[in-house]
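Reading the structure
Here is what each chain is made of, one letter per residue.
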Amino acid sequence: MQRFNDRVAIVTGAARGIGAATAKRFASEGANVAVIDLDESAAAATAESLGAAKAIGIGADVSDEDSVAAAVERVVAELGGAHILVNNAGVTRDNLLFKMSAADWDTVMSVHLRGAFLMSRAAQQVFVAQKYGKIVNLSSVSALGNRGQANYSTAKMGVQGLTRTLAIELGPFGINVNAVAPGFIVTDMTDETARRVGVDPETFREAAAAETPVRRVGQPDDIATAVTFLASDEASFVAGQTLYVDGGRKL
Ligand code: NAP
């Protein structure tokens, strides 16, 4: 029994990293998958690598209203429906407050918050009509506060508020909304952070592992397993929650 047979899963920011691992796990459990990312050719390459019965890559900016509407319409037209949305697309623009530009604040808010709002609003039209849907949002341990991430931390705590509110509004229509808050996960995002602070990525990972109770850093699949659980019918009584998947490490 595959948990996602006859389901269509949309994963944003899924050309690489956590999104790609999540898309792969959905595909391996029977889902047809839409990989949404800024670059359509990168999204299409990932979609092709999933081994899904049907998968498409769509180039879309989640913070752009028209782009989001067109992307969701394309998913429904080409994959025959939509049942699961994972709001995973993300960016960082880290800096201490006194050096943070308004543009970097706006970019981070726009991708994480406006993006999750626009994608959820577009998807709920389909979900409400069919009285079935799952939304999983990506928060972060940084929501609890992290030096140099005033923008990102604010956005990721905002994601938790959005999650609780959408769970309340959409629950009566058979839609579960939850969030996963990853700790340190090995992706391009954490490697870029290492380079920005002048540490080589391997040393950066070792330091993070040493501070983590389970004594390792996370891999994208550690998040994919949590996301797919929350998107499955096994979690149908879980709503409005943020699950920290961080090896026990809180900032
Ligand atoms: P990643 O490797 O940087 O991948 C993020 C993906 O999102 C990229 O493919 C990126 O496209 C895409 N993207 C960025 N802006 C977009 C937009 N406006 N519209 C559509 N796609 C967009 O990041 P990751 O580490 O896998 O992170 C995935 C999610 O988990 C993010 O929400 C992140 O904040 C969260 N998270 C990550 C960690 C971690 O340790 N890695 C920890 C906590 C939370 P481009 O390549 O074209 O920029």
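Not measured: the values here are computed from a predicted model.

1. Focus on the side chain of H112
With respect to the helices, strands and loops of the structure, H112 is situated in helix α4 (residues 102-130). Here the side chain of H112 touches K156 through a polar contact of 3.0 Å, side chain to side chain.

2. Structural notes on the UniProt feature "domain: Ketoreductase" (unreviewed entry) in the chain
The positions UniProt marks with the feature "domain: Ketoreductase" (unreviewed entry) are residues 7-183. Taken end to end, residues 7-183 is 49% helix and 19% strand, and its two terminal C-alpha atoms sit 28 Å from one another.

3. Quick look at the site of the ligand
Around the ligand, 27 residues are found, and the nearest of them are R16, D37, N88, Y152 and T187. Contacts to the ligand include N88, whose backbone N or O atom sits 2.8 Å from an oxygen atom. Between Y152 and the ligand, the recorded distance is 2.5 Å, taken from a side-chain N or O atom to an oxygen atom. Contact with the protein chains removes 90% of the 900 Å² of surface that the ligand exposes when unbound. Those elements that place two or more of their residues in the shell around the ligand are α1 (17-28), α4, α5 (150-170) and α6 (188-196). Broken down by class, the residue content of the shell around the ligand amounts to 13 nonpolar, ten polar and four charged. Each of domain 1 (8-183 + 219-244) and domain 2 (185-217) accounts for three or more of the residues forming the shell around the ligand.

4. So, the pattern of salt bridges
Inspection of the entire model under this criterion finds 14 salt bridges. Residues joined by salt bridges that share partners form a network here, namely R3, E29 and E234.

5. What to know about the packing of helix α3 (residues 65-79) against α4
The description of two helices packed together rests on the angle between their axes and the distance between the axes. Where α3 contacts α4, the axes come no closer than 10 Å and their chain directions differ by 40 degrees. Pair α3 / α4 crosses with right-handed handedness. Across from E65, V68, V72 and V76 in α3, the residues of α4 making contact are R114, L118, M119, R121, A122 and V126. A breakdown of the residues in the contact of α3 with α4 according to their chemical character gives seven nonpolar, no polar and three charged.

6. Some points on α3
For α3, built from 15 residues, the straight-helix expectation of 21 Å at 1.5 Å per residue is met to within 8% by its first-to-last C-alpha distance of 21 Å. Buried residues belonging to α3 abut β1 (8-12), β2 (32-37), β3 (55-59) and α4. The N-cap residue of α3 is D64: its side-chain oxygen and the backbone nitrogen of D66 are 3.3 Å apart. Immediately beyond the C-terminal end of α3, within one or two residues, lies G80, with a positive phi of roughly 85 degrees.

7. Re the packing of α6 against helix α7 (residues 201-210)
Packing of α6 against α7 leaves a shortest axis separation of 9 Å and a crossing angle of 105 degrees. With respect to their mutual orientation, α6 and α7 come out roughly perpendicular. Two secondary-structure elements touch here, α6 through T190, D191, T193, A194 and R195 and α7 through P201, F204 and R205. Considering only residue class, the contact of α6 with α7 consists of three nonpolar, two polar and three charged.

8. Considerations on the sheet that holds strand β6 (residues 175-182)
In space, the seven strands of this open sheet follow the order β3-β2-β1-β4-β5-β6-β7, with parallel pairing throughout. The open sheet terminates on both sides in strands that have one partner only, identified here as β3 and β7 (242-245). With direction set aside, neighbouring strand axes in the sheet form an average angle of 15 degrees. Of the strand pairs in this sheet, β6 and β7 are connected by four bridges, and their pairing is parallel. Opposite A179, over in β7, you have T242 as the bridge partner. Against the sheet, helix α8 (residues 220-230) touches β4 (84-87), β5 (133-138), β6 and β7, its axis set at about 165 degrees to β6.

9. What to know about the environment of V177
Assignment of secondary structure puts V177 in strand β6. Each C-alpha atom of the pair V177 and S139 lies 13 Å from the other, and the pair is 38 residues apart in sequence. Discounting residues that sit within four places of it in the chain, V177 has contacts with I135, N137, T163, L166, A167, L170, A239, G240 and Q241.

10. Topic: the packing of aromatic side chains
A ring pair, where both rings are aromatic, is described by two values, the distance of the centres and the angle of the planes. According to the stated counting rule, one finds two aromatic pairs in the structure shown. Aromatic side chains F4 and F26 sit 4.9 Å apart centroid to centroid with 70 degrees between the ring planes, which places their arrangement in the edge-to-face category. With F4 in the segment before β1 and F26 in helix α1, this pair connects stretches of sequence that are 22 residues apart. Residue classification places F26 among the buried residues on the basis of a relative accessible area of 0%.

Definitions and cut-offs
Residues numbered from 1 in each chain as written. Predicted model: local features only at pLDDT ≥ 70, side-chain atom pairs only at ≥ 80, totals over all residues. Heavy atoms only, no water. Helix = DSSP H or I, 4+ residues; strand = E, 2+ residues; numbered from the N terminus. Polar contact = N/O pair within 3.5 Å; in protein donor to acceptor, adjacent residues only side chain to side chain. UniProt positions renumbered as here; feature names shortened; annotations may be inferred. Near = heavy atom within 4 Å. Areas by Shrake-Rupley, 256 points an atom, 1.4 Å probe, with all protein chains shown as cover. Nonpolar A, V, L, I, M, F, W, Y, C, P; charged D, E, K, R; others polar. Domains from an automatic or database assignment. Salt bridge = Lys/Arg side-chain N within 4 Å of Asp/Glu carboxyl O. Axes fitted to C-alpha atoms, helices over the stretch in contact; angles between N-to-C directions. Left-handed = near helix turned anticlockwise from the far one by under 90°. Contact = heavy atoms within 4.5 Å. Expected span 1.5 Å × (residues − 1). Parallel < 35°, antiparallel > 145°, perpendicular 65-115°, else oblique. Pairing = 2+ DSSP bridges. Phe/Tyr/Trp six-rings, centres within 6.5 Å; stacked < 30°, edge-to-face > 60°. Buried < 20%, exposed > 50% of the residue type's maximum accessible area, 1.4 Å probe, protein only.

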